[in-house]
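Here is how the chains run, residue by residue.
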Amino acid sequence: MMAKELFPEAQELRKGRIRIETTKDKVTEIVKKLKENGYEHFVMLSCVDWIKDGKFELVYHMWSYEYREHVMISIKVDRDGDSMVTLRDLFPQIETYEREIHEMFGVNFVGNPRLGEFILEGWPHMPPMRKDFDTEKFVNEIYYKIPEVKEE
Amino acid sequence: MKPIVKEYELFIGPNHPGATGNMSYHIWVEGDKVKKAETRVGYLHRGFEKLMEKRIWMQNVPLVCRICVPEPDVNEAAYSMAVEDLMGWEIPERAKYIRTIILEMARLSAHLLTVGGIAASLGIYTAAQWGVGDRDYLLDVFEQITGARVYHIYIWPGGVRWDVPKNTKELLTKVLDYLEKRMPLYEDLIIKNKVFIRRAADVGVIPKDKAIKWGVTGPNLRSAGYQLDFRKLEPYAAYDKIDFEVPYYPKLGEYEVLSEGSDIYTRTAIRMLEMQQSINIIRQALKDMPEGDVLLKHPQWFAWKVPAGYSYVRVESSKGEFGYFVVSDGGKKPVRVHVRGPSYTHGINVMETIAKGLNVADFAPTAISLDVCPPDIER
Amino acid sequence: MTLNHDDWGKVARMMSKRSLWMVHFCTGCGAMEMPPVMTSRYDMERFGMHAMATPRQADVFLVTGYLAVKTLKRVVQVYEQMRDPKYVIGFGSCTINGGMYWDSYNTIKDLSKYIPVDVYIAGCMPRPEAIIDSFLKLMDMIDKGEAIGWKKYHKYYDQYKRNQRMAYSYRLDEVEDIKEDDAK
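Bear in mind that the values here come from a model prediction, so they are computed numbers and not experimental data. (Residues numbered from 1 in each chain as written. Chains lettered and ligands numbered in written order. Predicted model: local features only at pLDDT ≥ 70, side-chain atom pairs only at ≥ 80, totals over all residues.)

*Asks:* So what exactly am I meant to see when it comes to the overall build of chain A here?
*Replies:* When helices and strands are counted, chain A shows 4 helices and 7 strands. Beginning at the N terminus, the succession of helices and strands in chain A can be written as α-β-β-α-β-β-β-β-α-β-α. Expected size for 152 residues packed as a compact globule is a radius of gyration near 15 Å; at 19 Å, chain A overshoots this value by more than 25%. When its C-alpha atoms are laid out on the principal axes, chain A stretches across 75 × 30 × 30 Å. Restricting to contacts in chain A with at least 6 residues of sequence separation, those with at least 24 account for 53%. (Helix = DSSP H or I, 4+ residues; strand = E, 2+ residues; numbered from the N terminus. Rg over C-alpha atoms; globule rule 2.2 N^0.38 Å. Contact = placed C-beta atoms within 7 Å.)

If you want it as structure tokens, here you go:
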């Protein structure tokens, strides 16, 4: 069954792009249901920082080779200290996306054993992909302030 | 006699673990067999997605092509398509054909490198020399068309930057004729080579029933036995007007079917067949290309305001599905650009899983036959 | 005719400039233009140059592009393993001032703050001809005894180390030894 039939609240962005807005507790169920109904390719998990609302938007992308349709399942979590359940049992590759989002945004995924350092090494500041992290200011304060080697 | 050391750890990389870039594998080995592998990435992290939020829409075009170095054009095309999707633009017909030609040239040059690389990792260094050398002829044509060898910045939102030079057809036909003549030599050297077959068949197998579940895409998926290609499933550029075949296992044309599913041998064979199809596509596109404008008449770049919305576009690159998820809030800069690189799944989850049970000597060939490109993992 | 110490230095320099071996450590985008330079079309072997897998047998280090902090650690480690005399070529705009990534939080901006650089190649990305030109320039400098980056590294070791540690820890105030985690 196609996503529109399964979830009548789904919104069609354009041909072949469906967007479902839902809440945190329903995601596992929706992803499972879509997986059983032909949406077998998990494309990616992305995270958008809506700093004005104080929310992170997690977007689960799934694709059906059969219907040629792409579904984005979108949920909002709080920016501070909120956590989400891992879905690595459904699709193994979600684990890696969760590791990246944990490192770059600071969202906690309960049940994922490999969270921790992934791309950065020894990063002491706030997760860099958050909107309130100012990369230009950081660069001016760190890299350009590192003194040149003085030759006598 | 009992062995003194039963199990040991090996660190492969960050320098060339069979991938075009810095990336490393940490493997646990017992005797000669890999027990466990972990991928370590982050050596090429530049924070593209952060930088793109700081720049206006047009400034991001020269930035995105740096995400995948062997095949930069897919990034330009995908980003441009995402902007066009949000803006609701329809690009001129001629630009679509030019994009097709550029993308297929990029695929050819990337495949030449990969096929040469796979062979070189199994000891056939001649193939790598040939691959790099023949790729240079394509780079020369790129230079004629776009003005640069590696980063072209030629595909823009709204079309392509300028029209192709008048002698493009002759230039390209000459190179394509040459490459077509070279293909049988590559076949003799690699695919039909007994040594290569002995090393490559049944090594690093992706099982057919797991391939889609693991998120495998592109030539790796097709070599596992699915005829799935986003050029056919969701046609972009001018692919819907061009007649071409999608090679997949077990239909390997004139090559022997030697093994079950996606191993190093099939993955190489699929890439060889795809190169022939690319040549075919470029020839058709050159023949059918209509006259007309190549760039949409759009507002001044600095004044672009992209309507609010979500867009996901995908391009079939030489490595698999390259996707761009772009979010706009109606402003001058994107809120979020998230890149889905094909190597993300191939290099980390798939490699970690299929590495179990490999010989150490087969590790690098397996990694390179998955065509892992680290810059698109960490961006 | 007898040769004194200086003359022998001249002879040694003349010999070494014609057999420069390069560490096969390619990082960043520039690694893409190295295969054409190494293979038949541009063929750097005609200058006696060759890629060498181990740093202990190499003379030239080509830092081909931007360095993430994580890579800088490995680069410094490789550089320190090379034997004197050793030369560094900074490749592309990224090693000069950050290039495209001038405001990126994870790439270092000026390579010469961390290891001494003898020759820079401008451009993004430099053409193979430019790379070959830089090799010739380096040979010329070696011949004249001007490529003295490795001597500087010995002399101002403390300053280089301090800068490296600052970058590793992403901080300015905390200059302390961070744990060496080698092979990862």
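The structure having been displayed, the exposition proceeds.
*Asks:* Hey, could you run me through the overall build of chain B in this one?
*Replies:* Helix and strand content of chain B: 14 helices and 8 strands. Here the C-alpha atoms of chain B give a radius of gyration of 21 Å, agreeing with the 21 Å that 2.2 N^0.38 yields for 379 residues. For chain B, the spread of C-alpha atoms along the three principal axes comes to 80 × 45 × 35 Å. Here chain B, with 379 residues, has 59% of them falling under the buried criterion. The contacts in chain B between residues at least 6 apart in sequence include a share of 71% that link residues at least 24 apart. (Buried ≥ 20, exposed ≤ 12 C-beta atoms within 10 Å, placed from the backbone.)

*Asks:* Is there a simple way to think about helix α12 (residues 343-354) of chain B in this case?
*Replies:* Taking burial as the measure, the 12 residues of α12 of chain B include 10 buried ones, the bulk of the element. Every buried residue of α12 of chain B is accounted for by Ser343, Tyr344, Thr345, His346, Gly347, Ile348, Asn349, Val350, Met351 and Ile354 of chain B. Here the buried face of α12 of chain B lies against α3 (94-104) of chain A together with β3 (33-40), α9 (218-222), β8 (336-340), α13 (363-369) and α14 (375-378) of chain B.

*Asks:* How should I be thinking about the interface of chain B and chain C in this particular structure?
*Replies:* If you look at the interface, chain B gives 28 residues, while chain C gives 29 residues. Residues belonging to the side of chain B that touches chain C are distributed by class as follows: 11 nonpolar, 10 polar and 7 charged. (Nonpolar A, V, L, I, M, F, W, Y, C, P; charged D, E, K, R; others polar.)

*Asks:* Got a minute to help me understand the pairing of strand β4 (residues 55-64) of chain A in this structure?
*Replies:* The side chains of a regular strand alternate, residue by residue, between the two faces of the sheet. Residues and elements named next belong to chain A. With 8 of its 10 residues buried, β4 lies for the most part within the structure. With 9 bridges joining them, strand β3 (residues 41-50) and β4 adopt antiparallel strand pairing. Residue Phe42 lies in a different strand from β4, and its bridge partner there is Met62. From the end of β3 to the start of β4, which pair antiparallel, there are 4 residues, and Gly54 there has a positive phi angle of about 70 degrees. (Pairing = 2+ DSSP bridges.)

*Asks:* I'm lost on the environment of Glu352 of chain B in this one. Help?
*Replies:* All names here are of chain B. In this fold, Glu352 is placed in helix α12. Owing to 18 C-beta atoms within 10 Å, Glu352 belongs among the partly exposed residues under this scheme. With near-sequence residues (within four places) excluded, Glu352 lies in contact with Ala37, Glu38 and Thr39.

*Asks:* Help me out: how do you make sense of the environment of Ala201 of chain B in this one?
*Replies:* Mapped onto the fold, Ala201 of chain B is located in the loop between α7 (194-200) and α8 (208-211). Taking the C-alpha atoms as reference, Ala201 of chain B lies 6.1 Å from Ser259 of chain B; in sequence the two are 58 residues apart.

*Asks:* Even after reading the chapter, I still don't get the pairing of strand β5 (residues 69-78) of chain A, so can you show me in this structure?
*Replies:* All names here are of chain A. When strand β2 (residues 17-21) meets β5, the two strands line up parallel, connected through 5 bridges. Its bridge partner lying in β5, Glu21 is registered against Ser74. Examined bridge by bridge, β4 and β5 share 10 bridges and lie antiparallel to one another. Counted as the bridge partner of Val59 is Ser74 from β5. Count of turn residues in the β4/β5 antiparallel hairpin: 4 residues, of which Arg68 carries a positive phi of about 55 degrees.

*Asks:* How should I be thinking about the interface of chain A and chain C in this particular structure?
*Replies:* By a widely used convention, the size of an interface equals the accessible area lost when the partners come together. Tallying the contact residues gives 20 residues for chain A and 20 residues for chain C. Of the residues assigned to the side of chain A that touches chain C, the class counts are 11 nonpolar, 3 polar and 6 charged.

*Asks:* Help me understand helix α6 (residues 168-191) of chain B, please; the structure alone is not making it clear to me.
*Replies:* Side chains of residues three or four places apart in an α-helix project in the same direction, reflecting 3.6 residues per turn. Residues and elements named next belong to chain B. Along α6, the largest kink reaches about 30 degrees and is centred on Arg182; proline Pro184 follows within four residues of it. Inspection of α6 places Leu172, Leu176, Leu179, Tyr186, Ile190 and Ile191 among the buried residues, and these make up the whole buried set. Of the surrounding elements, those touching the buried residues of α6 are α4 (93-121), α5 (125-146), α7 and α11 (264-288). (Bend = angle between axes of the 7 residues up to and from the residue.)

*Asks:* Where do I start with the sheet that holds strand β1 (residues 7-12) of chain B in this structure?
*Replies:* Residues and elements named next belong to chain B. Spatial ordering of the open sheet is given by β1-β2-β3, a layout of 3 strands whose pairing is antiparallel. Of all the strands in the sheet, just β1 and β3 have a single pairing partner and so form its edges. Pairwise comparison of adjacent strand axes, ignoring direction, gives a mean angle of 20 degrees for this sheet. The pairing of β1 with strand β2 (residues 24-30) spans 6 bridges and is classified as antiparallel. (Axes fitted to C-alpha atoms, helices over the stretch in contact; angles between N-to-C directions.)

*Asks:* Quick question: what am I supposed to make of the sheet that holds β5 of chain A here?
*Replies:* The strands that make up a sheet pair up through hydrogen bonds in the backbone, lying either parallel or antiparallel. Residues and elements named next belong to chain A. Taken in spatial order, the 5 strands of this open sheet run β1-β2-β5-β4-β3, and their pairing is mixed. Edge positions in the sheet fall to β1 (11-14) and β3, since each has one partner strand and no second. This sheet shows a mean twist of 25 degrees between the axes of neighbouring strands, independent of strand direction. Relative to the sheet, helix α2 (residues 27-36) contacts β2, β4 and β5, its axis offset from that of β5 by approximately 170 degrees.

*Asks:* Can you walk me through the environment of Ala77 of chain B in this structure?
*Replies:* Mapping Ala77 of chain B onto the fold places it in helix α3 (residues 73-87). Those residues within four positions of Ala77 of chain B in sequence are excluded, and the remaining contacts are Arg99, Leu103, Ile155 and Val315 of chain B.

*Asks:* What am I meant to see in the confidence of the model for chain A here?
*Replies:* For any part of a model where pLDDT is low, the fine detail of the predicted coordinates should not be relied upon. Counting all residues, the mean pLDDT for chain A is 86, and 100% of those residues have values of 70 or more. Ranking the elements of chain A by mean pLDDT puts helix α1 (residues 3-6) of chain A last, at 76, and β4 of chain A first, at 90. (pLDDT = per-residue confidence, 0-100.)

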